[in-house]
Amino acid sequence: MQRLGLYIHIPFCKRKCNYCDFYSCTKLDNIKSYIDALLKQIVIDAPLYRDYEFDTIFIGGGTPSLLEPNDFERLTDAIKNNLNLTQGLEFSLEANPGTLTREKLLAYEKGGVNRLSMGLQSTFDNELKTLGRIHTYDEFVKNFNLARECGFDNISIDVMYSLPNQKTNDLLTTLERVSSLNPEHISSYCLKIEEKTPFGKIKDKLMLPNEDEEYEMYISMCDYLNKKGYLQYEISNFARAGYESKHNLKYWQSEEYIGIGPSAHSFFGGERYYYQDNLTDYISTILKGNSPEKIFEKELEIEHSVAHISKEDEYVMLKMRLSSGINTEEFKTRFGKEFLNSYPAVEKYIKSGHIVLLNNSYKFTPQGFFVSNYILTDILRFEN
Ligand SMILES: C[S@@+](CC[C@H](N)C(=O)[O-])C[C@H]1O[C@@H](n2cnc3c(N)ncnc32)[C@H](O)[C@@H]1O
Ligand code: SF4
């Protein structure tokens, strides 16, 4: 049977963080009817996936840990009763500090969750406050320890860097505190200022690190985490050996997955599509017995440049996010041509030290990862 990943979006948050443009609502009174709609969509769509087996599940958000035990149980029962699941599948759930209890953690574990992704962002309370987070560092540590006590032995921690007024030493202190908790996985994202967020509106007043400082942070972070035994396997992701996120690897390896919920993206049957980010429409459409409209993606955007996606460009763009890069033999088998003939601009980035050819694979160096969007725009000859 062919393998698939399953993503379920939980579009609710207690409060919107100042930087975040992921789709979520702070009005929490329709969580139950949203779960009703998800159950119905799983049942309606199940026949499409009869010949497939799901080997990863990722419940993300928003804030999935707002789900109470009985709603979570209803959701996992529907998944188990309607879809083929691989034994020993990876089942991740995003959990926000400030929303977790022992009762919830035990219910998630009972429902099959075997990987938690916890959003910390920073270990400094003043930074957490600036970001608009609902928790302190101390609350995070309590929740992390509680998750360990409840038996979670695969935990990822999210942090962000290049924060307002942040210095490299502040980031290194955060990483030192995070690695001393010994999580299995760490994601560290560069703060992106999204136009429509509160940060986007006061961007010029934010006292953000400049590009040189951001570069210093990125290189120091990669260096520090690698020394601590967290191997970088993607631009922003680091893991103990064997603990890479199998679900997220599917995105970068051009493998197929289904996303359900408003704003969730899918790659299925060779096509990429997503659902509109409108919770009330999503619920009412499904509860009336209809499937939500699929919006097909035809263009790809990086750094404000837009391109029609060829399968080849898409493969290069996604694969180059991984430290393993692009294997020349694999590329030739897949597309019937030499990688360098298709992407000759790669050579100048080898000369400049941004890309290396190692064991038949072209990969970004840490310096290359830092400017990877710029380089990919050039290599793929995107048009403005
Ligand atoms: C989709 S969010 C959901 C996680 C969860 N709700 C939380 O906040 O802990 C996943 C991660 O994306 C990162 N993120 C969200 N917005 C970001 C932004 N504007 N720039 C950089 N990273 C961002 C954060 O690290 C966050 O933990
Ligand atoms: S970062 Fe997480 S908690 Fe904050 S608004 Fe976004 S999804 Fe919600």
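Residues numbered from 1 in each chain as written. Chains lettered and ligands numbered in written order. Predicted model: local features only at pLDDT ≥ 70, side-chain atom pairs only at ≥ 80, totals over all residues. Heavy atoms only, no water.

Let us now look at the site of ligand 1. Taken together, 16 residues lie around ligand 1, and Gly-62, Gln-121, Arg-133, Asp-158 and Lys-192 are the ones closest in. One of the side-chain nitrogen or oxygen atoms of Asp-158 is found 2.6 Å away from an oxygen atom of ligand 1. In this structure, a nitrogen atom belonging to ligand 1 sits 2.9 Å away from a main-chain N or O atom of Lys-192. Coverage of ligand 1 by the protein chains reaches 90% of its 550 Å² of free accessible surface. Elements with a contribution of two residues or more to the shell around ligand 1: β4 (115-121), β5 (155-161) and β6 (185-190). For the shell around ligand 1, the residue count by class is 6 nonpolar, 5 polar and 5 charged. (Near = heavy atom within 4 Å. Polar contact = N/O pair within 3.5 Å; in protein donor to acceptor, adjacent residues only side chain to side chain. Areas by Shrake-Rupley, 256 points an atom, 1.4 Å probe, with all protein chains shown as cover. Helix = DSSP H or I, 4+ residues; strand = E, 2+ residues; numbered from the N terminus. Nonpolar A, V, L, I, M, F, W, Y, C, P; charged D, E, K, R; others polar.)

We now examine the packing of helix α6 (residues 168-180) against helix α8 (residues 211-227). Contact geometry of α6 with α8 gives a least axis separation of 9 Å together with a crossing angle of 25°. Judged on the interaxial angle alone, α8 and α6 are roughly parallel. Where α6 crosses over α8, the handedness of that crossing is right-handed. Contacts between α6 and α8 involve Thr-168, Leu-171, Leu-172, Leu-175, Glu-176 and Ser-179 from the former and Glu-213, Glu-216, Met-217, Ser-220, Met-221, Tyr-224 and Leu-225 from the latter. (Axes fitted to C-alpha atoms, helices over the stretch in contact; angles between N-to-C directions. Parallel < 35°, antiparallel > 145°, perpendicular 65-115°, else oblique. Left-handed = near helix turned anticlockwise from the far one by under 90°. Contact = heavy atoms within 4.5 Å.)

What follows covers empty space enclosed by the protein. Summed over all chains, the structure comprises 1 cavity of 30 Å³ or more. Space inside the largest cavity adds up to approximately 50 Å³. Every residue lining the largest cavity is listed: Leu-6, Gln-41, Ile-42, Asp-45, Tyr-49, Leu-83, Ile-258 and Ile-260. At the level of elements, α1 (31-45) and β9 (257-260) are the ones that each hand at least two residues to the lining of the largest cavity. For the lining of the largest cavity, the element with the most residues is α1, which contributes 3 residues. (1 Å grid on protein atoms, 1.4 Å probe; cavity = no way out; pocket = protein on both sides within 12 Å on 5 of 7 lines; lining within 4 Å. Points joined across faces, edges and corners; volume = space filled by probe spheres on them.)

The values are spatial; any link to function lies outside them.
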